[in-house]
Structure formats: C-alpha cells, structure tokens
Amino acid sequence: MNRNILRVTKRFTFEMAHALYNYDGNCQYIHGHSYKLYVTVLGLVNNTPGSPKDGMVCDFSVLKKIVNEKIVEPYDHTLVLSEKDESKKHLADSGQRTILFPVQPTCENLLLHFKNEILNVLPNNLTLANIKLYETEGSFAEWDIRDQDF
Amino acid sequence: MNRNILRVTKRFTFEMAHALYNYDGNCQYIHGHSYKLYVTVLGLVNNTPGSPKDGMVCDFSVLKKIVNEKIVEPYDHTLVLSEKDESKKHLADSGQRTILFPVQPTCENLLLHFKNEILNVLPNNLTLANIKLYETEGSFAEWDIRDQDF
Amino acid sequence: MNRNILRVTKRFTFEMAHALYNYDGNCQYIHGHSYKLYVTVLGLVNNTPGSPKDGMVCDFSVLKKIVNEKIVEPYDHTLVLSEKDESKKHLADSGQRTILFPVQPTCENLLLHFKNEILNVLPNNLTLANIKLYETEGSFAEWDIRDQDF
C-alpha cells in the first residue's frame, strides 16, 4: 500500500482498413476503423530534482516517439490483409498501401503484433504493463502483464 | 511476459429507470440513467488458420448476442424497483415495464445480478474477467476476477 | 470466482495550470489542462435491507465529498509550480492562486500527492484501490493497489 509503483499511459489513433479471411460475417469484407491504441508502462517515479525528467516514470514524449515510429506511421492509412487471402492479394500491387499480415488481422492478433514491435525497442528501464486496442469505442482487446500468470 | 492471455471487451448501453428504497438522498426518487455495461472475457487467441474464428479469443458477435439477450433486451426501457418498496409497487400494475428486484437496485447490486446472468450462459471455453456498469460517465461499479483473492 | 469484491469509482474534473521546472520541452512553460481524476475504492457490498446505504460498497456521494474537499476545491483554478522554480515564484505574490509544490508537479507526482491526501481522510472501512489522473484524454498516470507487489 505504501509503495508507489505507477502506470503511465499514452493514447494513439490511426485509420486502418482490414478484412478477415474466411470469416462468417461482415468482417470478411474490406472495412475500416478509427483504431485507438493505449500503451502503458509501469515503474517507479524518477526522483532526481533538477533533471529534465524529474518526477516522471517515463516522459510521455518518449513513449509517444516509440509508438509513433513503430505502429502509427507504418499502419496509419493502410489496408491490412491476411497473407492467406489470395482473392485480395492483387490489391497490394494496385497502388494501395497494403500490408500482408502473416496471421488473421483480428483485433487480438494486431494487438499481439503491436506488443512485440514495442517490446523490441522499449528501453530496458521501462516495463510494458498494458496494451489495449480499440476497433471501435465499444469493442477492444487488451493484454496486461498481471493476467499472464492466470 | 511471454504469455499471450488477452482480454476482449464489448460495450452495451441501455436506458433504465430506478429508485433506491429508503435512501437518504435524491436517489430515493424515480430517475434514470443511460447505463453503459462493459463485459470482458479472458483467454488465449484461437489459432486455427482457415477457421472463421481464427485469431480470436471470442468473436465479438458471440459476446454481443449473449449480453443483448440476457441483459439489454430485458432491462432496456424498464423501471427497476426494490420489491420491498411498497409505495411504488402499484407501478408494476399500471402498464409500466417494471421489474421488482429482490434487492436494492444500486449500481453494485445490478452489476452482481448481471454478472450471474452472464455466467449462467457463458460457454465453458470463456472466462468472465471483468464486468463494469456505468450509471453515469462519472460513476461506475466494477467486478474483476483478479480482485477476488484480495 | 464466487466472491463479490467490487470496485466503485467516481470521476472528478478540475482546471489547473502547471509548469515543469527545468524540463527540456514545452512543459517548462506555464500551461494548463482539464485534469480528470478517477478515485476507486474496493470492498464488499453492504447488505443491510432497509438501511439508506443498503446495496452499496460506498455511497458515491461520500466519495464525492471527500475528493471535492481534499482535491478539487484546493486545486481547481490554481497554478502549481515547483518550489524550486525561483524564476516563477513571484507569481505567488501577484494575486494568482499559486501553489508551490515541494516536488516537480508532473502528472505522476500530483497523483501520488492526491493519493496521500485521500488516504489521510478515507474512512477505515474503505480501501483505496486505484487512482488515475488524466492530464489530457490521451495522457494519464495511474496507481493501483494490485501493482504494488510487482
């Protein structure tokens, strides 16, 4: 109770189209979402009076830079398709910004991929605590470090 | 850290009136809220390439169907009263859609009741992780599986 | 799974200016945010039929009163500065509502201070579970009781 481990979160947004290969509903068709991504790191507050980063777990701008470079810039305004989806692969050659994804581009698989992309470049002093991806305001997937021993 | 247990959440909304029996404030009077309900299940991603449910913990549409049938349809546009509230019971006979609740219809008790309703019909392969009920955007109650060993 | 420990949350908002002493970016300059503060307590539902507080973990109005008195009233429409920031201290004498903070007034340090202020007056029967402070809708810090054994 007296410890002061904090979480710090930054939100991102990007506009992306996708389609689910072989899905038995409307998501089989190309459509898009205004994705919202919340990335959360966990740690103790840096207590170094006079330092520019005094009083922070992680400068919001550091988290912003990492996620913008690894996720927002590559995925914003793209069409993400399963690489198994032969019927749509020609779109990648037609001038669209198309990403052929190695697995089905569900909210869950996109989230796990984004998690790995962030973990690959996250500085050692930061611990990824949570990552949450909203397809819509009412539908989202979430990974949390505390759930992993469930 | 390397495990990939995910949470998947779907949001619902319904318009409901209630009154708190014997309460010492404004909530004793019949009033209503635009309730928001978030239902979250937890599990591993289904990795079955080619299957319609490939890449999902739970198809959002499955969760949507369960909660719409068990909660939204029965409670939307109803008036929920404590069955102990003799002064208002006649409303149930006056053509209103009235539900006489066995306990005080606080945000907390409604949440626990909705949780049980969902657990009764949730498929065995899904684990209810969290259920959150907003009375207003600034007031809500929440049950989380990780809090239960507190 | 069968236990019914609930969290109950109330949201608050206040308009506050701050500046980060010696920061290497725009936050060194006086600016402001519409801060949002979420305060969450945890407990079992009070099951006392007939009592005004029947069916509640904590009356939302009790939580509201505590946080309004300890946080919202003292901090709303103020300018919070580090007491080390000699270049701006004169503002405290110029008729502004200025608070000289003992540490850097980052989102994290404000959150920890607010947590302690609330813990000092929280009734014994309530457990503070979470406190979350939004600087903007896309940037926030959070303390959760379950993270403290991390």
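Refer to the structure printed above.
Residues numbered from 1 in each chain as written. Chains lettered and ligands numbered in written order. Predicted model: local features only at pLDDT ≥ 70, side-chain atom pairs only at ≥ 80, totals over all residues. Heavy atoms only, no water.

### Concerning the overall build of chain A
Counting its secondary structure elements, chain A contains 2 helices and 6 strands. Taken from N to C terminus, the helices and strands of chain A fall in the order β-β-α-β-β-α-β-β. Across the 150 residues that make up chain A, the buried fraction comes to 53%. Counted over contacts in chain A with a minimum sequence separation of 6, partners at least 24 positions apart contribute 58%. Counting every atom, chain A has about 6500 Å² of accessible surface; 48% of that belongs to carbon and sulfur. Both charge centroids of chain A, one from 16 positive and one from 19 negative side chains, sit 6 Å from each other. (Helix = DSSP H or I, 4+ residues; strand = E, 2+ residues; numbered from the N terminus. Buried < 20%, exposed > 50% of the residue type's maximum accessible area, 1.4 Å probe, protein only. Contact = heavy atoms within 4.5 Å. Areas by Shrake-Rupley, 256 points an atom, 1.4 Å probe, with all protein chains shown as cover. Lys, Arg positive; Asp, Glu negative; His and termini not counted. Charge placed at Lys NZ, Arg CZ, Asp CG, Glu CD.)

### Quick look at the nonpolar core
A:Phe14, A:Leu37, B:Phe14, B:Leu37, C:Phe14 and C:Leu37 are the most contacted members of the largest nonpolar core, which totals 116 residues. Among residues more than four places away in sequence, those in contact with A:Leu37 are A:Lys10, A:Arg11, A:Phe12, A:Phe14, A:Val67, A:Ile71, A:Phe114, A:Ile131, A:Lys132 and A:Leu133. B:Tyr38, B:Phe140, C:Tyr38 and C:Tyr134 belong to the second-largest nonpolar core, a separate cluster that totals 9 residues. (Core = buried A, V, L, I, M, F, W, Y, C linked by side-chain atoms within 4.5 Å.)

### Regarding the packing of helix α1 (residues 60–75) of chain C against helix α2 (residues 107–121) of chain C
Residue and element names in this part refer to chain C. One can describe the packing of α1 onto α2 by two numbers: an axis separation of 9 Å at closest approach and a directional angle of 140 degrees. For the element pair α1 and α2, the recorded crossing hand is right-handed. Contacts between α1 and α2 involve Ile 66, Val 67, Lys 70, Ile 71 and Tyr 75 from the first element and His 113, Phe 114, Glu 117, Ile 118 and Val 121 from the second. Its residues assigned to classes, the contact of α1 with α2 comprises 7 nonpolar, 1 polar and 2 charged. (Axes fitted to C-alpha atoms, helices over the stretch in contact; angles between N-to-C directions. Left-handed = near helix turned anticlockwise from the far one by under 90°. Nonpolar A, V, L, I, M, F, W, Y, C, P; charged D, E, K, R; others polar.)

### Topic: the interface of chain C and chain A
At the junction of the two partners, chain C supplies 30 residues and chain A supplies 28 residues. Interface area for chain C against chain A, summed over the two sides, is near 2600 Å², with a carbon-plus-sulfur share of 53%. C:Asp24 is paired through a salt bridge with A:Lys53; the nearest N and O atoms lie 3.1 Å apart. The interface formed by chain C and chain A includes 16 residue pairs in polar contact (both at pLDDT 80 or more). (Buried area = accessible area lost by both parts, 1.4 Å probe. Salt bridge = Lys/Arg side-chain N within 4 Å of Asp/Glu carboxyl O. Polar contact = N/O pair within 3.5 Å; in protein donor to acceptor, adjacent residues only side chain to side chain.)

### A short note on the interface of chain C and chain B
With 28 residues of chain C at the interface, the matching set in chain B holds 30 residues. The tally of links from chain C across to chain B stands at 5 salt bridges. Our enumeration of links across chain C and chain B arrives at 16 residue pairs in polar contact (both at pLDDT 80 or more). Going through the elements one at a time, β1 (5–18), β2 (31–44) and α1 of chain C are the ones with two or more residues in the side of chain C that touches chain B. It is β1(C) that contributes the most residues to the side of chain C that touches chain B, 7 residues altogether. Considered class by class, the residues forming the side of chain C that touches chain B number 14 nonpolar, 6 polar and 8 charged. Of the pairings in the sheet, the one linking strand β6 (residues 139–144) of chain B to β1(C) comprises 5 bridges and is antiparallel in character. Considered in β1(C), the bridge of B:Trp143 is made with C:Leu6. (Pairing = 2+ DSSP bridges.)

### Thoughts on the environment of B:Thr13
Residues and elements named next belong to chain B. Looking at the secondary structure, you find Thr 13 in strand β1 (residues 6–18). Along the chain, Thr 13 and Leu 37 lie 24 residues apart, while their C-alpha atoms are 6.1 Å from each other. Residues contacting Thr 13, with those up to four places away along its chain left out, are Tyr 35, Lys 36 and Val 72. Only 3.1 Å separates the side chain of Thr 13 from the backbone oxygen of Tyr 35, close enough to count as a polar contact.

### Quick word on the packing of aromatic side chains
The final tally for this structure, using the stated rule, is 18 aromatic pairs over all chains. Ring plane angle 50 degrees and centroid distance 5.5 Å describe the contact between B:Tyr38 and B:Tyr134, whose orientation is recorded as tilted. On the criterion of sequence distance, the pair formed by B:Tyr38 in strand β2 (residues 31–43) and B:Tyr134 in strand β5 (residues 127–136) is long-range, its members being 96 residues apart. You can call B:Tyr38 buried: its relative accessible area is 17%. For B:Tyr134, a relative accessible area of 16% puts it in the buried group. On the numbers, 4.2 Å between centres and 25 degrees between planes, the contact of B:Tyr134 with B:Phe140 is stacked. What makes B:Phe140 buried here is its relative accessible area of 5%. Through a chain of ring-to-ring contacts, the aromatic side chains of A:Tyr38, A:Tyr134, A:Phe140, B:Tyr38, B:Tyr134, B:Phe140, C:Tyr38, C:Tyr134 and C:Phe140 assemble into a single cluster. (Phe/Tyr/Trp six-rings, centres within 6.5 Å; stacked < 30°, edge-to-face > 60°.)

### Brief notes about unusual backbone geometry
Backbone geometry at B:Asn22 places phi at a positive 70 degrees, although glycine is not the residue there. Take B:Asn22: it is sitting in the loop between β1 and β2.

### Side note on the relation of the copies chain C and chain A
If you rotate chain C by 120 degrees and push it 0.0 Å along the axis, it lands on chain A with an RMSD of 0.0 Å. Here the symmetry operator amounts to a three-fold rotation axis. Residues of chain C ranked by C-alpha distance from the rotation axis are headed by C:Arg146, positioned 5.0 Å from it. The overlap is low: 7% of the interface residues of chain C also sit at the interface in chain A, so different surfaces are used on the two sides. (Least-squares fit on C-alpha atoms with pLDDT ≥ 70 in both.)

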